[in-house]
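Examination of the molecular architecture
Residues per chain are reported as follows:
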Amino acid sequence: VSIARRHADRVIICKNRGIGHQQNEAAQIAKGDILFFPQADTLLPRNALRELHNHLEKNEDVSHGTFVIHFEENGIRSRTFNKLAMTILKAPYLQVLSGVGIFVRKDHFHAVNGFRNIICEDVEIATRLKKFGKRGLIENPKLIASSRRFQKEGYLKTVLSWTKHYILIKFNRPIHIKRYTVIR
């Protein structure tokens, strides 16, 4: 919280645990027409918000979307995963959002009642938002995401876990956030 206070205009302390609850609470007090949900351990290039604005101005049919992410660790595993993530994000039929850089038009967000407090909430909300328009993808600049989960739990275990949750969501069987390991 002390780090956030040094870098943010406003810091909100949420009573409920879970990213879905926290993002919904932030959306309730947000002032603009576009909601952007970076995570605390994500680095935004200087021009990221300008590119987001330009993308939505040029693409009025885009309801929601994500930035391409690049995991910070520099090794063969992370380079391979970064390429895999890019391929997945570009696949239009998967409707996947990167949880570290989601953007959505505020009226569409509220129309679907925001995030559910589940694992892979980004995948689940994308499924509900597609009725409002296309999913946008901003390829440049890339957001820099933390590799902590991969370093602690391993790449294979993390990817398999995310794949399992993606499949469960597609069959309407999401797992509640209480079972997700906090990595700090």
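Residues numbered from 1 in each chain as written. Predicted model: local features only at pLDDT ≥ 70, side-chain atom pairs only at ≥ 80, totals over all residues. Heavy atoms only, no water.

1. Brief notes about the confidence of the model for the protein chain
Close reading of the predicted structure is inappropriate where its pLDDT is low. Taken residue by residue, the protein chain gives an average pLDDT of 85. The fraction at 70 or more is 93%. Looking across the protein chain, the model is least confident in helix α4 (residues 76-90), with a mean pLDDT of 80, and most confident in helix α5 (residues 106-111), with 97. (pLDDT = per-residue confidence, 0-100. Helix = DSSP H or I, 4+ residues; strand = E, 2+ residues; numbered from the N terminus.)

2. Things to note about helix α8 (residues 155-170)
The terminal C-alpha atoms of α8 lie 23 Å apart, and with 16 residues this matches the ideal 22 Å at 1.5 Å per residue to within 8%. Turning to α8, the residues buried within the fold contact α4, α6 (121-129) and α7 (148-153). Following α8 by one or two positions, N172 adopts a phi angle in the positive range, close to 55°. (Expected span 1.5 Å × (residues − 1). Contact = heavy atoms within 4.5 Å.)

3. Looking at the pattern of salt bridges
In this structure the tally under the stated criterion is four salt bridges. For R148, the salt bridge identified is with D41, shortest N-O distance 2.6 Å. In this pair, R148 is assigned in helix α7 and D41 in the loop between β1 (34-38) and α3 (48-58), connecting sequence segments 107 residues apart. Overall, the relative accessible area of 35% leaves R148 in the partly exposed class. Judged by relative accessible area, which is 28%, D41 ranks as partly exposed. Residues E124 and R128 are paired through a salt bridge, measuring 2.8 Å at the closest nitrogen-oxygen approach. Of this pair, E124 and R128 both sit in helix α6, four residues apart, roughly one helical turn. Ionic contacts of the salt-bridge type, sharing partners, join the residues R116, E124 and R128 into one network. (Salt bridge = Lys/Arg side-chain N within 4 Å of Asp/Glu carboxyl O. Buried < 20%, exposed > 50% of the residue type's maximum accessible area, 1.4 Å probe, protein only.)

4. Some remarks on the nonpolar core
What tends to happen in soluble globular proteins is that the nonpolar side chains get buried as a cluster. Formed by 17 residues in total, the largest nonpolar core has its most connected members in F36, L52, F67, F71, F81, F103 and L143. Of all elements in the fold, only α3, β2 (62-71), α4 and β4 (134-145) reach the threshold of two or more residues within this core. Beyond its immediate stretch of four places on either side in the chain, F103 contacts L35, F36, L52, H55, L56, V62, H64, G65, T66, F67, G136 and I138. (Core = buried A, V, L, I, M, F, W, Y, C linked by side-chain atoms within 4.5 Å.)

5. As for α6
An α-helical turn contains 3.6 residues, so any two residues separated by three or four positions project in the same direction. Counting buried residues in α6 gives seven out of nine residues, a clear majority hidden from the surface. Restricting attention to buried positions, one finds in α6 the residues E121, D122, V123, E124, I125, A126 and L129. Where the residues of α6 are buried, they touch α2 (19-29), β2, β3 (101-105), α5 and α8.

6. Details of the packing of aromatic side chains
Going through the model one piece at a time under the given rule, you end up with five aromatic pairs. Here the aromatic rings of F67 and F103 are separated by 6.2 Å at their centres, their planes lie at 80°, and the arrangement is edge-to-face. You can see F67 sitting in strand β2 and its partner F103 sitting in strand β3, a full 36 residues away along the chain. (Phe/Tyr/Trp six-rings, centres within 6.5 Å; stacked < 30°, edge-to-face > 60°.)

7. Overview of the sheet that holds β4
Within the open sheet, the four strands sit side by side as β1-β3-β2-β4. Their pairing is mixed. The sheet terminates laterally at β1 and β4, the two strands that pair on one side only. Taken pair by pair, the neighbouring strands of this sheet meet at an average axis angle of 15°, ignoring direction. The pairing of β2 with β3 spans three bridges and is classified as antiparallel. Residue pairing across strands places G65 opposite F103, the latter belonging to β3. Relative to the sheet, α3 contacts β1, β2, β3 and β4, its axis offset from that of β4 by approximately 170°. (Pairing = 2+ DSSP bridges. Axes fitted to C-alpha atoms, helices over the stretch in contact; angles between N-to-C directions.)

8. Brief notes about the side chain of N117
Relative to the elements of secondary structure, N117 occurs in the loop between α5 and α6. Of note is the side chain of N117, whose polar atom sits 3.1 Å from the backbone nitrogen of G20. Within the structure, N117 has its side chain in polar contact with the side chain of H21 (distance 3.3 Å). (Polar contact = N/O pair within 3.5 Å; in protein donor to acceptor, adjacent residues only side chain to side chain.)

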